[in-house]
Amino acid sequence: MTPSSFRFFSIMCKGPDIMQQFGLVNPEVLPAKIRLRFTHGEAPEFYDSPVELRFAPQDLRSVYPSYGPQSGGTRVLLNGTRLCHPTETTVTIGNKSCSGIVCDYERQRLSCTTDSGKGANVSVTVTIGNGRISRDVFSYLSDPVVTGVTPLYTLTYGGIDVTVEGRGFDGIQMPYLLVGNASLSCDSYLQKVPPATFNSTNIIYQLPSIDQLQGNTDLRISFLMDAVDDLCEPSSNRKVEILKDPNVISENIKGRPCEIGKRCTLNIEMTEIHHFASQTQVFIGDLPCENITIMESTKSSDIRIGNLTCIAPPYEAILEDITVNSNDNPQVHANGTAYRVKRLSSETTKTDLFPVLVEIGNFKIEVGRLEFHKKGFNMTYVYGAAGAVGLLILIIVIIVVKNRSDQKKKMEDMTMKHNKEMGVMEGRYAQAAKQAFMEMTMVKDKVVDVKIKNDDIPYRIFSDYLIHIMFPNVDKKEKSTDCDSALIPLL
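1. What about the sheet that holds strand 11 (residues 131-141)?
Taken in spatial order, the 5 strands make up an open sheet running 4-11-10-6-7, and their pairing is mixed. A strand with exactly one partner marks an edge of an open sheet, and here the two such strands are strand 4 (67-69) and strand 7 (96-97). Pairing of strand 6 (residues 89-93) with strand 7 involves 2 bridges; the strand directions are antiparallel. Looking at strand 7, one finds that Thr92 is bridged to Ser97.

Structure (structure tokens):
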């Protein structure tokens, strides 16, 4: 028979149940020869295989995770030996099919997704052909419940931590945060965010930036927790407000140096910062500012302002950090500004300047540069002395102005008093001159009944006439003052 007369073919068949055929309970790996019988015509022909086959039992060692929500959707991993077969492998958990089987032939393990169910320690069964192995290791837990989400604010740079509170989160294999717009649903979202950390009652996520969300500003969030659809449907959406980047309103950093060897308290007012009080950080150089407290300000009803206070690290610690982590190239923020610059020197003041950086998620802003003065030189004393001198000068100016005001008032009072006395004296002079005029002209008896008012005959007429009678050879203009003095005895 020539080689060309041979025909090559392959045969597939199911092997017998070795356990049942030989009555074995826990067999070791059994070697066996395969004998093939071909029937062609009336007489069968037998051929023995040159390859020795081994029959071995299946083994299911572990199921991970061993629990999941009652709504199902948990992806479980089954580890063992000889669990995979291209067409014959099926898995059930609690008498319900575990779907989406994926086999890892190299490691002989498989994974599948649970269906809904109830109960504790229900059976996990792997079936390959007639072979079956089962372990009571899986438990259905109550579906998770979300009771609160904070904060419902974010910034354009993202990185804001969102804390989700509730219960039953430990029964979820991977609780995702879904971020989308108004059309957010279980199957339609912009980002699926894994948790940063989570336990049975809390989950923390980091929100992406607006750029990662394709510029959408109408943000909604929901949750994808295995097959618990109630948490990701539109009815459970929560809206997230995008705030403007915080701005510095005031600070006490510029022009207020710290003395080396002492701790300085920094006060910073910024817009919107109180919404992120638990995740705001302040750095001096590369070291954190300590004991940060942030309170909402009541200064303005139009602008939302937060007051931040913290204690700067000691100067020596900052220098030590610079020595250990020397870096000549400052990090650069997305907007092009440098931050966490290690150290800057000021040639004018001969002091050290350290940038003060506020970080909220991925948002970073330099609010000032803290100045340290060397020991033995405290600018606070200089500022205090200058203030005291200024106050003293102000007091002296006030005293001088007051004294001048008092003197002016005193002069005015004296002038008024003098004018009043002069009026009285002039009246007396007028009366005396009138009487002398009447006596000298000897018309006293004739003018007794004549009523002469002081207003009708001016005082100076009597005075001039009297001077003319008494001093006929004296110019009245030159001696009028002396005459006035000479009349004083007449009073």
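There's more to say after this.
2. Re the sheet that holds strand 5 (residues 75-81)
Spatially, the 4 strands line up as an open sheet ordered 3-5-9-8, and their pairing is antiparallel. Across the chains shown, the open sheet's two edge strands, defined by having one partner strand only, are strand 3 (59-64) and strand 8 (99-104). Mean inter-strand twist for the sheet, computed between neighbouring axes without regard to direction, equals 20°. Strand direction decides the pairing type here: strand 5 and strand 9 (residues 109-113), joined by 5 bridges, are antiparallel.

3. A short note on the side chain of Ser297
Mapped onto the elements, Ser297 comes out in the loop between strand 26 (290-296) and strand 27 (305-311). Ignoring anything within four residues of it in the chain, the contact list for Ser297 reads Glu269, Ile305, Gly306 and Asn307.

4. Focus: the packing of aromatic side chains
Under the counting rule described, the total for this entry stands at 6 aromatic pairs. Taken together, a centroid distance of 6.0 Å and an interplanar angle of 45° make the contact between Tyr157 and Phe363 tilted. Separated by 206 residues along the polypeptide, Tyr157 in the loop between strand 13 (153-154) and strand 14 (161-167) and Phe363 in strand 32 (residues 363-373) bring together distant segments of the chain. Its relative accessible area of 24% is what places Tyr157 among the partly exposed residues. Here Phe363 falls in the buried class, since its relative accessible area comes to 5%. Judged by centre distance (5.7 Å) and plane angle (75°), the rings of Phe354 and Phe372 are edge-to-face. In this pair, Phe354 is assigned in strand 31 (residues 351-360) and Phe372 in strand 32, connecting sequence segments 18 residues apart. Taken together, the ring pairs in this structure connect Tyr315, Phe354 and Phe372 into an aromatic cluster. When the ring centre of Tyr176 is taken as reference, the NZ or CZ atom of Lys192 above it lies at 4.5 Å.

5. Here we look at the state of the cysteines
Within the structure shown, the criterion is met by 4 disulfides. Sulfur-sulfur distance for the disulfide between Cys186 and Cys232 comes to 1.8 Å. Around the S-S axis, the bridge from Cys186 to Cys232 shows a dihedral of about 80° and counts as right-handed. Here the residue Cys186 occupies a position in the loop between strand 15 (175-180) and strand 16 (191-193), and Cys232 occupies one in the loop between strand 19 (219-225) and strand 20 (238-242), the gap between them amounting to 46 residues. By relative accessible area, Cys232 is classed as buried at 0%.

6. Focus: the pattern of salt bridges
This structure, assessed with the given rule, holds 9 salt bridges. Here Asp59 and Arg61 are joined by a salt bridge, their closest N and O atoms 4.0 Å apart. Overall, Arg61 belongs to the partly exposed group, its relative accessible area being 46%. Look at the salt bridges and you will find they share partners, linking Asp218, Arg220 and Lys239 into a network.

7. Thoughts on the nonpolar core
Membership of the largest hydrophobic core comes to 30 residues, with the highest contact counts inside it found for Leu266, Ile284, Val356, Val358, Leu370 and Phe372. Broken down by secondary-structure element, the contributors of at least two residues to this core are strand 23 (265-271), strand 24 (280-284), strand 27, helix 2 (315-324), strand 31 and strand 32. Other than its neighbours up to four places away in sequence, Leu266 contacts Asn252, Ile253, Ile284, Cys289, Leu308, Thr309, Cys310, Val356 and Leu370. Among the nonpolar cores identified, the runner-up in size contains 21 residues, and Val146, Val193, Tyr205 and Leu207 belong to it.

8. Some words on the side chain of Ser185
By the secondary structure assignment, Ser185 is in the loop between strand 15 and strand 16. For Ser185, a relative accessible area of 19% puts it in the buried group. Other than its neighbours up to four places away in sequence, Ser185 contacts Leu178, Cys232 and Pro234.

9. Comments concerning the confidence of the model for the chain
Taken residue by residue, the chain gives an average pLDDT of 76. The fraction at 70 or more is 67%. Across the chain, element-level confidence peaks in strand 18 (residues 202-206) with a mean pLDDT of 96 and bottoms out in strand 29 (residues 338-339) with 38. A low-confidence stretch, residues 22-27 (pLDDT under 50), is modelled with 6 contacts involving residues beyond four sequence positions or located in other chains. Counting interchain partners and residues more than four positions distant, the pLDDT-below-50 stretch residues 479-491 has 12 contacts.

What counts, and where the lines are drawn
Each chain carries its own residue numbering, running from 1 in the direction its sequence is written. The predicted origin of the model limits local features to residues at a pLDDT of at least 70 and limits the giving and counting of side-chain atom pairs to 80 or more, whereas totals for whole chains, interfaces and linings rest on all residues. Calculated side-chain values reflect all of the structure's heavy atoms, with hydrogen atoms and water omitted. One requirement defines pairing of two strands: DSSP has to find at least two bridges between them. Runs of E in the DSSP output that reach at least two residues are strands. Runs of H or I that reach at least four are helices, and both are numbered from the N terminus. In this analysis an axis means a line fitted to C-alpha atoms, helices contributing only their contacting stretch, and an angle means the value between N-to-C directions, from 0 to 180 degrees. Between two residues, a contact is recorded if the distance between any of their heavy atoms is within 4.5 Å. Any Phe, Tyr or Trp ring, taking Trp's six-membered ring, that has another such ring centre within 6.5 Å forms a pair; planes under 30 degrees apart are called stacked, those over 60 apart edge-to-face, and the others tilted. Burial classes follow relative accessibility: with a 1.4 Å probe on protein chains only, a residue under 20% of its type's maximum area counts as buried, one over 50% as exposed, and anything between as partly exposed. The criterion for a charge sitting over a ring is simple: Lys NZ or Arg CZ within 6 Å of the ring centre, and within 35 degrees of the ring normal. Our working definition of a disulfide is a cysteine sulfur pair at a distance within 2.5 Å. For salt bridges, the criterion is a side-chain nitrogen of Lys or Arg within 4 Å of an Asp or Glu carboxyl oxygen. Put simply, buried Ala, Val, Leu, Ile, Met, Phe, Trp, Tyr and Cys residues joined by side-chain atoms within 4.5 Å make one nonpolar core. The pLDDT score gives, residue by residue, the confidence of the prediction method on a 0 to 100 scale.

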